[in-house]
Amino acid sequence: MSKQWAQSGTGEFKRQVSSFRETISATHPIYKPAKGRYWLYVSLACPWAHRTIITRALKGLTSVIGVSVVHWHLDEKGWRFLPADSISGKDTTDHFSFSGGIKGSELDVSHPSGDIPSDSKRLNIDANVEPNCGFNRLREFYLKSNPDYSARFTVPVLWDLETKTIVNNESADIIRILNSGVFDEFVEDKEYLANKRELVPKQLEAEIDDFNTWVYDGINNGVYKAGFSENQAVYEREVTNVFNNLDKVEAILKKKHSDLESKHGKGNEKAILSEYFTVGNQLTEADVRFYTTIVRFDPVYVQHFKCNFNTIRDGYPFIHLWLRNLYWNYDAFKLTTNFDHIKLHYTRSHPRINPLGLTPLGPKPDIMNL
Ligand SMILES: N[C@@H](CCC(=O)N[C@@H](CS)C(=O)NCC(=O)O)C(=O)O
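The rules behind the values
- Residues numbered from 1 in each chain as written.
- Predicted model: local features only at pLDDT ≥ 70, side-chain atom pairs only at ≥ 80, totals over all residues.
- Heavy atoms only, no water.
- Pairing = 2+ DSSP bridges.
- Helix = DSSP H or I, 4+ residues; strand = E, 2+ residues; numbered from the N terminus.
- UniProt positions renumbered as here; feature names shortened; annotations may be inferred.
- Contact = heavy atoms within 4.5 Å.
- Buried < 20%, exposed > 50% of the residue type's maximum accessible area, 1.4 Å probe, protein only.
- Polar contact = N/O pair within 3.5 Å; in protein donor to acceptor, adjacent residues only side chain to side chain.

Identification of the protein chain as GST N-terminal domain-containing protein from Vanderwaltozyma polyspora is taken from an unreviewed UniProt entry.

Structure representation (structure tokens):
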């Protein structure tokens, strides 16, 4: 398997291009919308997969599309599920809850070095037994779909239970499919049905696409380019790029906050926050995509990816307010954010960056109150 960092010979990290890029629609010859037909396989640690379960929740799809969560530890064979016999008694996991209804197990999932750290209790946490095909590894979905598949076995995967193939493994596509409304007829979620939240409204689409493009390159993927760089000059260029782009978002949100203060009156924080988003005055896909990086920034990227010119909590008051608004005021963000998976995955799955797999305990708290 190709390694996950620096493939260019220049010390630069190049992310692979996703291979399954189908869509779901009433006019598609194979992939028609249906309730219970499609399944998401995600890691709660992964920012790209995280986008899909936030979108699924925001679109009222938690009872329409199932979710299973892989174990947080990524080893040389890729992502894995819990072995079927690891849950004593009947597995009552509810795969239709926000984050897949993950369950704890007694499985020993210690760091491969065999070292069981003093926080070993925290290691006995939640992943799913794969409920549909009985697979142990994510790679089995890829090889079932295409026996010649030779690239990396990444999450998220959107799987079709009927044809037993991967529909799509690119999070940017998957969130557009989930947002498209093709599943609306199956939705029972009253909150969604009341206002049919549109995450890419036509009038904001161009602005969302533009924001997503530079934020992807400069921030979402930017932190990986800094963290996985293999020489000092590349690292310095990339980390500077990340913070220049964070400065840019901070300026956008600062202006937005000041405009909203003029509109609603200084101190009318509730009204201000109800319109305090990155693009336009409503929650959009741009917020979902930016959030999954920012919520990981202080707990992981600052130390693990050496993005340490500043923290969000100390250096970016307007991004910090935006982050806490989403986390504390929207279940779709809070209930899909699992700081244990996030911290343990990064710190123990990248031996080149952190050979001893020690997990820093801070920052405390993982996210501050609003
Ligand atoms: N383009 C993909 C990228 C997904 C991706 O890179 N996922 C990582 C986790 S953060 C992964 O599954 N890596 C497994 C591996 O490289 O073996 C998307 O956005 O869906």
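(A) Molecular detail of the pairing of strand E4 (residues 165-168). Summarising the sheet, strand E3 (residues 157-160) and E4 pair through 3 bridges and their orientation is antiparallel. By the bridge assignment, Trp-159 is partnered in E4 with Ile-166.

(B) Region of interest: unusual backbone geometry. Note that the residue after Val-155, namely Pro-156, is joined by a cis bond; omega there is 0 degrees. Of note, Pro-156 is situated in the loop between helix H2 (139-145) and E3. Pro-363 follows Gly-362 through a cis peptide bond whose omega is -5 degrees. Position of Pro-363 relative to the elements: it lies in the segment after helix H13 (339-349). Positioned with a positive phi, Lys-196 is a non-glycine residue whose angle comes to about 40 degrees. In this fold, Lys-196 is placed in the loop between helix H4 (190-195) and helix H5 (205-220).

(C) Examining the UniProt feature "binding site: glutathione" (unreviewed entry) in the protein chain more closely. UniProt tags Trp-79, Arg-152, Phe-153, Thr-154, Val-155, Glu-170 and Ser-171 as "binding site: glutathione" (unreviewed entry). Tracing the backbone through its elements, the reader meets Trp-79 in the loop between strand E2 (66-69) and H2. Each residue touching Trp-79, except ones within four places of it in the same chain, is listed here: Ser-43, Val-70, His-71, Trp-72, His-73, Leu-74, Arg-137, Leu-138, Phe-153, Val-155 and His-345. Of note, Ser-171 is situated in helix H3 (residues 171-179). Taking relative accessible area as the criterion, Ser-171 reaches 4% and is therefore assigned buried. Here the side chain of Ser-171 touches Arg-51 through a polar contact of 2.8 Å, side chain to side chain.

(D) Main features of the environment of Val-302. The residue Val-302 is located in helix H9 (residues 285-304) in this model. With 61 residues separating them in the primary sequence, Val-302 and Pro-363 have C-alpha atoms 9.9 Å apart. The residues touching Val-302, leaving out its near neighbours within four places in the chain, are Phe-297, Cys-307, Asn-308, Asn-310 and Thr-311.

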